[in-house]
Amino acid sequence: MYMWSYCKECRRVVTPLNPMSENTWKLSFGKFLEVYFYNKCARGRTGKCNHCIQTDHILYFGLNNLAARFEYDVVQPYGIYVRSLLPLDERFQARELNKMMDYVKVASADLFQAFVDKTVELEERSKEIGAGRPEFLQMVLSELGQIQSEVNHQGVVLDNKLTEWRQNQSNQSNQATQSNQSTQSNQSTQSNQSTQSNQSTQ
């Protein structure tokens, strides 16, 4: 493996093609980066180039028809700013929650209907399989009837929960609107009183 350097200021190769030394082979990759990029004082001493090795030189490693280059570049680091209070758009959140609840309602209705269809299918198949075995048929149909009844019950419970949630959301929205209107009304009254007081003083 060979090494050479190209100077961006001189716009030419400024070192001869040198095979990698044994000491360089023994360096870990992290130590190599530290030695090469953290040394701000090192300057070129070959090829009549004295530019900064850290910022002006590009280091190349070559093996057969492959080459790797290492180049120093300045980047703007970004930090994370944690806000103590995040703005909350209640209307947007309410709309998104309503969309989510609509999706849950439709998806659950489809799921329950698919389950009911499957139980009906199982009933038909059990009648075919249980022909001539009334006790087996009665047991299977009884189990399927209980399962279908429980599924229907849970569907009603879920629908009631969604309806209750919508009513609560509507009540909270109305209360917030009334509170905002009351606050604006109080501010307007105070402003009018202040204006009248100033006029009386004049």
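Scroll up for the structure.
From a predicted model like this one, the values you see are computed outputs, not experimental measurements.

Turning to the pattern of salt bridges, a few remarks are in order. Opposite charge on two side chains lets them pair, provided their charged atoms get close. The final tally for this structure, using the stated rule, is 5 salt bridges. The closest approach of N and O atoms between E34 and K31, which form a salt bridge, is 3.8 Å. Of the two residues, E34 and K31 are both situated in helix α2 (residues 29-37); the distance of 3 residues between them amounts to about one turn of the helix. Assessed through its relative accessible area of 43%, E34 is described here as partly exposed. The salt bridge involving R69 is made with E71; its shortest N-O contact spans 2.5 Å. Salt bridges sharing partners connect three or more residues here, namely K8, R69 and E71.

With that settled, the discussion passes to the state of the cysteines. Across all of its chains, the model carries 0 disulfides by this definition. Left without a disulfide partner, C10 is nearest to the cysteine sulfur of C7, which lies 3.6 Å away. C10 sits in the partly exposed class, given a relative accessible area of 22%. Summary of cysteine pairing: C49 is not part of a disulfide, and the nearest cysteine sulfur, belonging to C7, is at 3.6 Å.

This part takes up the pairing of strand β4 (residues 57-63). For β4, the tally of buried residues reaches 6 of 7 residues, placing the bulk of the element in the interior. With 6 bridges joining them, strand β1 (residues 2-7) and β4 adopt antiparallel strand pairing. Residue C7 lies in a different strand from β4, and its bridge partner there is H57. As paired strands, β4 and strand β5 (residues 66-71) are joined by 6 bridges and run antiparallel to one another.

Peptide bonds are, in most cases, trans, and in most cases residues other than glycine have a negative phi. The phi angle at R11 is positive, at roughly 60 degrees, despite the residue not being glycine. Within the secondary structure, R11 is located in the loop between β1 and β2 (12-13). Its relative accessible area of 68% is what places R11 among the exposed residues. Even without being glycine, N64 reaches a positive phi, approximately 55 degrees. Along the chain, N64 falls in the loop between β4 and β5. Using a relative accessible area of 78% as the deciding quantity, one classes N64 as exposed.

What follows concerns the packing of aromatic side chains. The tally for this structure, following the rule as stated, stands at 6 aromatic pairs. Centre to centre, the rings of F32 and F61 are 5.7 Å apart; their planes meet at 75 degrees, and the pair counts as edge-to-face. Of this pair, F32 sits in helix α2 while F61 is found in strand β4, placing the two residues 29 residues apart along the sequence. A relative accessible area of 13% places F32 in the buried class. Given a relative accessible area of 10%, F61 falls into the buried group.

This part covers α2. Here α2 has its buried residues at F32, Y36 and F37. The arc that holds the buried residues of α2, viewed along the axis, is 95 degrees, so those residues lie on one side. On the buried face of α2, the contacting elements are α3 (53-56), β4 and β5.

A general trend in soluble globular proteins is that nonpolar side chains are found buried together. One finds M3, M20, F32, Y36, F37, L59, F61 and F70 forming the largest nonpolar core, which totals 8 residues. Elements that contribute at least two residues to this core include exactly α2 and β4. Take this core: its biggest share by element is 3 residues, from α2.

Definitions and cut-offs
Numbering of residues begins from 1 in every chain and follows the order in which that chain's sequence is written. Per-residue local features of the predicted model are confined to residues with pLDDT of at least 70, and side-chain atom pairs are confined, for both listing and counting, to 80 or more; whole-chain, interface and lining totals are unaffected and use all residues. With hydrogens and water stripped out, all remaining heavy atoms of the structure feed into the side-chain values. A pair is scored as a salt bridge if a Lys or Arg side-chain nitrogen falls within 4 Å of a carboxyl oxygen belonging to Asp or Glu. Think of it this way: any DSSP run of H or I at least four residues long counts as a helix, any run of E at least two long counts as a strand, and we number them from the N terminus. A simple rule labels every residue: compare its accessible area, found with a 1.4 Å probe on the protein chains alone, to the largest value its type can have, and call it buried under 20%, exposed over 50%, or partly exposed in between. For the purposes of this analysis, a disulfide is any pair of cysteine sulfur atoms at a distance within 2.5 Å. We treat two strands as partners when DSSP finds at least two bridges between them. Here a Phe, Tyr or Trp ring, Trp counted by its six-membered ring, pairs with any other such ring whose centre lies within 6.5 Å, and the pair is stacked when the planes are under 30 degrees apart, edge-to-face when over 60, and tilted otherwise. Taken from the helix axis, the directions to the C-beta atoms give the arc we talk about. Residues count as neighbours in contact if any of their non-hydrogen atoms are within 4.5 Å of one another. Here, nonpolar core refers to any group of buried Ala, Val, Leu, Ile, Met, Phe, Trp, Tyr and Cys residues whose side-chain atoms link them within 4.5 Å.

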